[in-house]
Amino acid sequence: MHPLLIVFLVFGIPAGFALGWVFLRGSESLRRYILTRIALTLPMVLILISVVFFVLRVMPGDVVSSTLGPKASEETRQNIMEALGLDDPLIVQYFRFLGDVVTLDLGDSFIGARRPIVDELGERLPATLELIIPAAIIALGSGLLFGTYAAIRRKKPVDYSLRLYSVIIYSMPIFWLGLLLRLVFSVWLDWTPIAGRIDVVTNTTLERTTNLLFVDSILSGNWAALKSVLRHMILPAATLGLVLSGVFVRLTRINVIETLQEDYVLAARARGIRERIVTYSYALKNAMIPVVTVIGLQVAILLAGAVLTETVFNWPGMGRYLIERISARDFQAVQSTVAVFALFVALISLAVDVIYSVLDPRVKY
Amino acid sequence: MTEGSLYGERITLGEPPLKAGEILYSLRDVSVEYGTRAGPVAAVDHVSLDIRKGEILGLVGESGCGKSTLGKAMLRMISRPGRITTGELWFDGVDLVTLSERRMREIRGARLGMVFQDPMTSLNPLSRIVDHLTETIMTHEPSVSEAAARDRAAQLIGRLGLREERIDDYPHQFSGGMRQRIMIALALALQADLVIADEPTTALDVIVEAQFLDLLRELRDEFDLTIVLITHNIGVVAEVADRVAVMYAGRMAELASVNELFLDTKHPYGQGLLRAVPNIELDGTELYQMAGAPPNLLHTPSGCAFHPRCPAVMPICSQHQPEFLQREGDHYTACWLYQDHPVKPGVHDA
Ligand SMILES: Nc1ncnc2c1ncn2[C@@H]1O[C@H](COP(=O)(O)OP(=O)(O)O)[C@@H](O)[C@H]1O
Ligand SMILES: [Mg+2]
């Protein structure tokens, strides 16, 4: 089975079950809302990939001059353009691309051995997922934890320190934080590897099925590989996750402070409800509603950050792939990668909306 | 209501059950201060008050006079920047001020309940009604099963005039009056002895208010409740209270049975309050408007805090604070008109 398909199943099946559960359990209006929301996802993705398609075509330069240089003869140039279908009218190319997307056969890349894009993405997408998922966990986890803690300790030294932390971390360029962390933990302390996803030697022992190395090493019971994968993962994921956590710390803090002053919190205390439950089940849960909204908005920033992080840590994911292929003017690869990104953002925002409507009983669909 | 049926074992702090009319809760010389940038605000100023088993005690006064603060202090729920600075809170043979936070928490909700002004914001919007009730029950009675707690919740909701199926609904699906009933249900979930209701009907319309007040009276009889009803509406007090405490500038001005108070008001502030109530029988006469503005508790006026607005002010009033003294029978007041003092002219001559 194709790794891309497996990856899709790994995430798609649980998500599908969750959605199905919400769908079946929800009210009639919730079901209609979810269906509408899914239907809206399609035009969203279509608009995005169309924009990318046309922007690519108006960019100066093409694949021939970027790979062969200006010395290529006009005849070679014509031959290559013809072979890649780049001499067809734009509208033909556009519909061919839409056809590629619909049939899930994204065509072949323009450069190198002209491998199928799905194969290239099959290697790159899992790497990116293995970066952004732990990063998102770090961002959200530390954001909620620190934010709540700062709110409870409002105006105490911990609160001031955490607020300072969130400002600094938020305004820190990913490049810079990545290099800094690497300098400290890889160069000075020598705790973590400098770059890459896995040791070269260990890599040869690992049997690949999903290309999610974390999953593969568990599936094959290769604990040495698992250890290597985790050691490689920690710095890039921390870099990306911490930069994103700044927003969540501030947002959680301010919302928990607000909800802690709500009447229902006072009323809960007057009923003798334990302070821990008041904080987490009353204040934090209510404060989560605006935070969830922002998660949807942060996904785009997460992907943009992934591109930078991959570059710093030499992480062979979609971000680096995208940069390489943009400079090579490999239109097929770029537009396909963006299509995958677009689908990803659309699915996350769908998930956020569904979570939101489940979390808050007051939501009107 | 027999013990052990709906409510299981009662936790008592040692005292035998009180009979109606005995003192259930006693505030002794209680003061609460809020530290503000401009200085300390004396929101409750040396208040002493006995609350009797089975009564509905109305607590009235202009807004800002410290009623809510006093109510919260009774549950020891004053939070920063506020602080109980003096006094004792005697309940069930214990001074609550001396209890640990943990023991205090066990009493809140189980023995002392509170209902707040705004029913629209007093319930967690993300939790169903049943969750509020079962959570409260199971916090105080950990041995009760979820199913049993749910049964009890449904029964209570039914008793308060809501359909039992509705316990699975969320707060936003109820009207203000219904939510205030739910708040009462929460206070009754463990059969609290004393419920402090802080302006519970202010946010309700007149008809719902009347129904709610009737319900309070019924519940008092049925559940053996004692109720402190905080309000700025003296009409509400006239309707349901047995006794009335009038507060002014964080201090007790007058305390009497409803009849006493309405027929023979002692304190000029109380007299003013009553004259300011719209009265259908007095149609044609102008509604009385009390002179002056409510006091600023940052700088409570010297002597009797009411003296700048008092129509019967005497020289002594701005110099010395009158004591809160028993006047006749059950009627207490803090006013120099009824008290003697060495520097007060006229009293000795008369
Ligand atoms: N959290 C607080 N911080 C500072 N001052 C407060 C606070 N809460 C109440 N006060 C002050 O205490 C006084 C009494 O307030 P409150 O008890 O709410 O009065 P009431 O319920 O009678 O309207 C008011 O002057 C108010 O300004
Ligand atoms: Mg108040």
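Residues numbered from 1 in each chain as written. Chains lettered and ligands numbered in written order. Predicted model: local features only at pLDDT ≥ 70, side-chain atom pairs only at ≥ 80, totals over all residues. Heavy atoms only, no water.

## Considerations on the overall build of chain B
Step number 1: The number of helices and strands found in chain B is nine helices and twelve strands.
Step number 2: Scaling as 2.2 N^0.38, a compact globule of 350 residues should have a C-alpha radius of gyration of about 20 Å, and chain B matches this with 21 Å.
Step number 3: Dimensions along the principal axes, computed over C-alpha positions, put chain B at roughly 75 × 50 × 45 Å.
Step number 4: Across the 350 residues in chain B, those meeting the buried criterion constitute 53%.
Step number 5: Of the contacts made within chain B by residues no fewer than 6 positions apart, 65% connect residues no fewer than 24 positions apart.
Step number 6: For chain B, the exposed surface amounts to about 15,600 Å²; the carbon and sulfur share of it is 51%.
Step number 7: With 33 positive and 48 negative side-chain charges, chain B shows a spacing of 5 Å between the two charge centroids. (Helix = DSSP H or I, 4+ residues; strand = E, 2+ residues; numbered from the N terminus. Rg over C-alpha atoms; globule rule 2.2 N^0.38 Å. Buried < 20%, exposed > 50% of the residue type's maximum accessible area, 1.4 Å probe, protein only. Contact = heavy atoms within 4.5 Å. Areas by Shrake-Rupley, 256 points an atom, 1.4 Å probe, with all protein chains shown as cover. Lys, Arg positive; Asp, Glu negative; His and termini not counted. Charge placed at Lys NZ, Arg CZ, Asp CG, Glu CD.)

## A closer look at helix α3 (residues 129–140) of chain B
Helical periodicity: at 3.6 residues per turn, an α-helix aligns residues three or four positions apart in one direction.
Step number 1: Across its twelve residues, α3(B) extends 17 Å between first and last C-alpha, which sits within 8% of the 16 Å expected from 1.5 Å per residue.
Step number 2: With ten of its twelve residues buried, α3(B) lies for the most part within the structure.
Step number 3: Among the residues of α3(B), those classed as buried are B:Ile129, B:Val130, B:His132, B:Leu133, B:Thr134, B:Glu135, B:Thr136, B:Ile137, B:Thr139 and B:His140.
Step number 4: On its buried side, α3(B) packs onto α13 (275–312) of chain A together with α2 (101–107), α4 (146–159) and α5 (176–188) of chain B. (Expected span 1.5 Å × (residues − 1).)

## Some words on the sheet that holds strand β4 (residues 82–91) of chain B
Consider a sheet: its strands pair through backbone hydrogen bonds, and that pairing is either parallel or antiparallel.
All names here are of chain B.
Step number 1: Taken in spatial order, the four strands of this open sheet run β2-β1-β4-β5, and their pairing is antiparallel. Edge positions in the open sheet fall to β2 (39–52) and β5 (94–95), since each of these has one partner strand only.
Step number 2: Where β4 meets β5, two bridges bridge the pair, whose relative direction is antiparallel. Pairing of Trp90 across the sheet is with Asp95, part of β5. (Pairing = 2+ DSSP bridges.)

## Digging into the nonpolar core
Step number 1: In this structure, B:Tyr25, B:Leu27, B:Leu96, B:Leu133 and B:Leu229 are the most contacted members of the largest nonpolar core, which totals 103 residues.
Step number 2: With seven residues, the single largest contributor to this core is α5(B).
Step number 3: Each of domain 1 (23–111 + 193–279 + 286–296) and domain 2 (120–189) of chain B contributes no fewer than three residues to this core.
Step number 4: Apart from the residues within four sequence positions on either side, B:Leu96 is in contact with B:Tyr25, B:Met74, B:Arg76, B:Leu89, B:Phe91, B:Met104, B:Ile107 and B:Leu112.
Step number 5: Counting 61 residues, the second-largest nonpolar core is a separate cluster that includes A:Phe110, A:Ala139, A:Ile174 and A:Ala225. (Core = buried A, V, L, I, M, F, W, Y, C linked by side-chain atoms within 4.5 Å. Domains from an automatic or database assignment.)

## What about the environment of A:Ala328?
All names here are of chain A.
Step number 1: With respect to the helices and strands, the residue Ala328 is situated in the loop between α14 (318–327) and α15 (331–359).
Step number 2: Through-space distance from the C-alpha of Ala328 to that of Phe110 is 8.9 Å; in sequence the pair is 218 residues apart.
Step number 3: Ignoring anything within four residues of it in the chain, the contact list for Ala328 reads Val63, Ser66 and Ile111.

## What about the domain arrangement of chain B?
Residues and elements named next belong to chain B.
Step number 1: As far as domains go, chain B holds domain 1 (23–111 + 193–279 + 286–296) and domain 2 (120–189).
Step number 2: For domain 1 versus domain 2, the separation of C-alpha centres amounts to 26 Å.
Step number 3: Both sides of the domain 1 and domain 2 interface together cover about 1,200 Å² of buried area, and 69% of this is carbon and sulfur.
Step number 4: Considering only the surface of domain 1 that becomes buried against domain 2, Phe212, Leu215 and Phe223 emerge as the three largest contributors, covering 31% of it.
Step number 5: For the pair domain 1 and domain 2, the interface holds two salt bridges.
Step number 6: Summed over the shared surface of domain 1 and domain 2, the result is five residue pairs in polar contact (both at pLDDT 80 or more).
Step number 7: If you list the elements that add at least two residues to the side of domain 1 that touches domain 2, you get α2 and α6 (206–223). (Buried area = accessible area lost by both parts, 1.4 Å probe. Salt bridge = Lys/Arg side-chain N within 4 Å of Asp/Glu carboxyl O. Polar contact = N/O pair within 3.5 Å; in protein donor to acceptor, adjacent residues only side chain to side chain.)

## Structural notes on the pairing of β4(B)
Residue and element names in this part refer to chain B.
Step number 1: Pairing of strand β1 (residues 23–36) with β4 involves eight bridges; the strand directions are antiparallel. Across the sheet, residue Leu27 finds its bridge partner in β4, namely Leu89.
Step number 2: Two successive antiparallel strands, β4 and β5, enclose a turn made up of two residues, where Asp92 displays a positive phi of approximately 60 degrees.

## What to know about the interface of chain B and chain A
Step number 1: Chain B puts 26 residues into the contact, and the matching count from chain A is 21 residues.
Step number 2: Both faces considered, chain B and chain A share a buried interface measuring about 2,100 Å² in area, 59% of it formed by carbon and sulfur atoms.
Step number 3: Between the two partners, chain B and chain A, sit zero salt bridges.
Step number 4: At the junction of chain B with chain A, the criterion picks out eight residue pairs in polar contact (both at pLDDT 80 or more).
Step number 5: Secondary-structure elements contributing two or more residues to the side of chain B that touches chain A are β6 (112–115), α3 and α5 of chain B.
Step number 6: With five residues, α3(B) is the largest single contributor of residues to the side of chain B that touches chain A.
Step number 7: Residue composition of the side of chain B that touches chain A, by class: eleven nonpolar, nine polar and six charged. (Nonpolar A, V, L, I, M, F, W, Y, C, P; charged D, E, K, R; others polar.)

## Remarks on the site of ligand 1
Residues and elements named next belong to chain B.
Step number 1: With respect to spatial proximity, 13 residues lie near ligand 1, and among them Gly64, Gly66, Lys67, Ser68 and Thr69 are the closest.
Step number 2: Here Lys67 contributes a backbone N or O atom positioned 2.9 Å from an oxygen atom of ligand 1.
Step number 3: Surface burial for ligand 1 is 66%, taken as the share of its 560 Å² of free accessible area covered by protein chains.
Step number 4: Among the elements of the structure, β1 and α1 (67–74) are those that each provide at least two residues to the shell around ligand 1.
Step number 5: Taken together, the residues of the shell around ligand 1 sort by class into five nonpolar, six polar and two charged. (Near = heavy atom within 4 Å.)

## Some words on the packing of α3(B) against α4(B)
Residue and element names in this part refer to chain B.
Step number 1: Here α3 crosses α4 at 120 degrees, and the two axes come no closer than 9 Å. In this view, α3 runs oblique relative to α4, as classed from their interaxial angle. Crossing handedness for the pair α3 and α4: right-handed. Here Ile129, Val130, Leu133, Thr134, Ile137 and Met138 of α3 come into contact with α4, specifically with Glu146, Ala149, Arg150, Arg152, Ala153, Leu156 and Ile157.
Step number 2: Of the residues in the contact of α3 with α4, the class split is nine nonpolar, one polar and three charged. (Axes fitted to C-alpha atoms, helices over the stretch in contact; angles between N-to-C directions. Parallel < 35°, antiparallel > 145°, perpendicular 65-115°, else oblique. Left-handed = near helix turned anticlockwise from the far one by under 90°.)

## Description of the environment of A:Tyr160
Residues and elements named next belong to chain A.
Step number 1: Locating Tyr160 in the fold gives a position in helix α7 (residues 157–171).
Step number 2: Judged by its relative accessible area of 46%, Tyr160 is partly exposed.
Step number 3: Put simply, Tyr160 and Ala150 are ten residues apart on the chain and 7.9 Å apart in space, counted from C-alpha to C-alpha.

## Some details on the state of the cysteines
The term disulfide refers to a covalent linkage connecting the sulfur atoms of a pair of cysteines.
All names here are of chain B.
Step number 1: In total, this model carries zero disulfides over all chains according to the counting rule given.
Step number 2: Here Cys65 is not cross-linked by a disulfide; its sulfur's nearest cysteine counterpart is in Cys304, at 14 Å.
Step number 3: Look at Cys65 and you get buried, because its relative accessible area is 5%.
Step number 4: Counting only cysteine sulfurs, Cys317 is the nearest neighbor of Cys304, a cysteine outside any disulfide, at a range of 6.1 Å.
Step number 5: Classification of Cys304 as buried rests on a relative accessible area of 13%. (Disulfide = S-S within 2.5 Å.)

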